[in-house]
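# Observations on the model geometry
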Amino acid sequence: LHWHLAFPHVFEKGGFDVVLGNPPWEHVELKEQEWFAAKYPEISKASNASIRKNMIEALRHSDKDTYDQYLCSLRGFEAETSIVRNSGRFPLCGKGRINTYALFAEHNHSIANSAGRAGFIVPTGIVTDEGTSAYFRSLVRQHSLHKIVSFENEGTTFGNVNNRQSFCLMSISNIPSPRVNLIFHVNQP
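What counts and what doesn't
- Residues numbered from 1 in each chain as written.
- Predicted model: local features only at pLDDT ≥ 70, side-chain atom pairs only at ≥ 80, totals over all residues.
- Heavy atoms only, no water.
- Phe/Tyr/Trp six-rings, centres within 6.5 Å; stacked < 30°, edge-to-face > 60°.
- Helix = DSSP H or I, 4+ residues; strand = E, 2+ residues; numbered from the N terminus.
- Buried < 20%, exposed > 50% of the residue type's maximum accessible area, 1.4 Å probe, protein only.
- Expected span 1.5 Å × (residues − 1).
- Arc of directions from axis to C-beta.
- Contact = heavy atoms within 4.5 Å.
- Polar contact = N/O pair within 3.5 Å; in protein donor to acceptor, adjacent residues only side chain to side chain.
- pLDDT = per-residue confidence, 0-100.
- Pairing = 2+ DSSP bridges.
- Axes fitted to C-alpha atoms, helices over the stretch in contact; angles between N-to-C directions.

## Some thoughts on the packing of aromatic side chains
Summed over all chains, the structure comprises nine aromatic pairs. Relative to Y70, the ring of F36 lies with its centre 5.1 Å away and its plane at 40°, an arrangement referred to as tilted. Here F36, found in helix α3 (residues 32-36), pairs with Y70, found in helix α6 (residues 64-86); they are 34 residues apart in sequence, far enough to count as distant. Look at F36 and you get buried, because its relative accessible area is 0%. Using a relative accessible area of 5% as the deciding quantity, one classes Y70 as buried.

## A look at helix α5 (residues 49-62)
The end-to-end C-alpha separation of α5 is 20 Å, in line with the 20 Å expected for 14 residues at 1.5 Å each. Turning to α5, its buried residues number three or more, namely R52, I56 and L59. When α5 is viewed along its axis, its buried side chains cluster within an angular range of 40° and face the same direction. Residues of α5 that are exposed and point more than 90 degrees away from the buried face comprise N54 and H61. Structurally, α5 contributes buried residues whose contacts are with α3, α4 (41-44) and α6. You can read the cap of α5 off the contacts: a side-chain oxygen lies 3.0 Å from the backbone nitrogen of S50, and it is on N48.

## Observations regarding the confidence of the model for the protein
Model confidence for the protein is summarised by a mean pLDDT of 92, while 95% of its residues fall at 70 or above. Per-element averaging of pLDDT across the protein places strand β5 (residues 181-186) at the bottom with 91 and helix α2 (residues 8-11) at the top with 97.

## Some thoughts on helix α7 (residues 100-111)
Between its terminal C-alpha atoms α7 stretches 16 Å, which fits the 16 Å expected from 12 residues at 1.5 Å a residue. Buried residues dominate α7, accounting for 10 of its 12 residues. When we look at burial in α7, the residues that qualify are T100, Y101, A102, L103, A105, E106, H107, N108, H109 and I111. The N-terminus of α7 is capped by N99, whose side-chain oxygen sits 3.1 Å from the backbone nitrogen of Y101.

## Here we look at the pairing of strand β3 (residues 145-151)
Within a regular beta strand, the side chains point alternately toward one face of the sheet and then the other, so they alternate between its two faces. For β3, a buried count of six out of seven residues is recorded, marking the element as mostly surrounded by other parts of the structure. Bridge count for β3 against strand β4 (residues 167-173) is six bridges, and the pairing is antiparallel. In the strand pairing of β4, L145 is matched with I172. The pairing of β3 with β5 spans four bridges and is parallel.

## Here we look at the sheet that holds β3
Pairing within the open sheet is mixed, and its five strands lie in the order β1-β2-β4-β3-β5. The two strands at the open ends of the sheet, each matched to only one other strand, are β1 (16-21) and β5. On average, each strand axis in the sheet is inclined to that of its neighbour by 5°, with strand direction left out of account. Running over the sheet, α7 touches β1, β2 (112-123) and β4 and is turned about 165° from β2. Against the sheet, helix α9 (residues 133-141) engages β2, β3 and β4, with an angle of about 45° to β4.

Quick look at the structure:
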């Protein structure tokens with residue numbers, strides 16, 4: 001989506017006042033095991049990557065249509081990764097193993113106006129992971145970070161989220177904040 005084209009009236013005024021979201025939490029990569037799970041489960045269940053690669057290569061002769069579809073999907077992921085890394089839109093999070101939640105977090109900050117705020121639900125890794133450290137450091141340096149409440153999700157409080165995945169409610173603003181509220185290891189709403 002080209003936000004400036006889709007919402008020209010908003011960007012004529014400098015951007016959004018408020019941005020809220022629960023972005024997808026997916027790595028930008030083609031997972032061979034998932035891709036082949038339905039049509040060729042034996043490929044997805046291969047004991048290692050080398051065997052899986054050989055089985056995929058064998059499809060070039062035994063099932064060229066599936067092989068070509070796989071190559072097309074692979075190329076799509078490579079193109080998406082190239083755009084993220086090289087477009088200049090994601091200078092802080094478009095590096096390393098790219099996750100969509102980090103891209104949305106960086107994007108949310110960039111589309112808010114000078115007094116705008118953003119709030120979103122993302123993995124707590126936004127604070128702790130190497131791949132998002134430049135983004136987090138930027139928020140801290142600009143005094144844009146307002147609040148993080150990190151949930152451990154032990155038990156069934158949030159049943160649709162893996163109980164090993166901690167996540168947080170993150171609030172940021174383009175108005176500098178002299179104080180940041182950080183709350184971690186919450187296990188009840």
